[in-house]
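Single-letter residue listing:
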Amino acid sequence: GSDRRASVRTLMDSLFLALRSLRSHVLRSALTLFGIVIGITAVVGMSSIIRGVDEVILGQIRALNPNVVYLTRFGIMMSAEDWRAARRRPDISPVGLVFGVAPAWRAARLNVVEALRAE
């Protein structure tokens, strides 16, 4: 009984002290609240922008048709030396096309759930 009353009394005293502090420092309290609102708005806004950009990029990739395979002898080049090395690569031959595209085509048509069940 008395321990519970003492803890309730301590809680009430703390609450009244906090309210008195807020009233005596109105500008500081308002600026703090304003900063919290701006921070939350910025985080939510950036998250929404990033999610929107992701959806646009994924939509553009889906529009390319996933059944189409683009082959090129040039990859991602980070320097002039990479460019010179890529220019020396041979053109894609029919043999390379068959051995490179056929497994990729089969893998693209693979049902992942069925493949995992088979293992």
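Since we're looking at a predicted model, the values are computed, not measured.

### A few points about the overall build of the chain
Consideration 1: Assigned secondary structure in the chain consists of five helices and zero strands.
Consideration 2: Starting at the N terminus and walking to the C terminus, you meet the elements of the chain as α-α-α-α-α.
Consideration 3: Every one of the 119 residues in the chain was classed for burial, and the buried ones make up 1%.
Consideration 4: Summed over its atoms, the accessible surface of the chain is roughly 11,000 Å², and 65% of this surface lies on carbon and sulfur atoms.

### Considerations on a nonpolar patch on the surface
Consideration 1: A contiguous nonpolar surface patch, about 630 Å² in accessible area, is contributed by Met46, Ile49, Ile50, Val53, Ile57, Leu58 and Ile61.
Consideration 2: Here Leu58 is to be found in helix 2 (residues 26-63).

### Topic: the confidence of the model for the chain
If pLDDT is low for a region, its predicted coordinates should not be looked at in detail.
Consideration 1: For the chain, the average pLDDT comes to 80, and 66% of its residues sit at 70 or higher.
Consideration 2: Mean pLDDT values over the elements of the chain span from 63, in helix 5 (residues 112-118), up to 92, in helix 2.

Conventions adopted
- Residues numbered from 1 in each chain as written.
- Predicted model: local features only at pLDDT ≥ 70, side-chain atom pairs only at ≥ 80, totals over all residues.
- Heavy atoms only, no water.
- Helix = DSSP H or I, 4+ residues; strand = E, 2+ residues; numbered from the N terminus.
- Buried < 20%, exposed > 50% of the residue type's maximum accessible area, 1.4 Å probe, protein only.
- Areas by Shrake-Rupley, 256 points an atom, 1.4 Å probe, with all protein chains shown as cover.
- Patch = residues over 30% accessible without salt bridge, like charges linked within 9 Å, V, L, I, M, F, W, Y side chains within 5 Å.
- Salt bridge = Lys/Arg side-chain N within 4 Å of Asp/Glu carboxyl O.
- pLDDT = per-residue confidence, 0-100.

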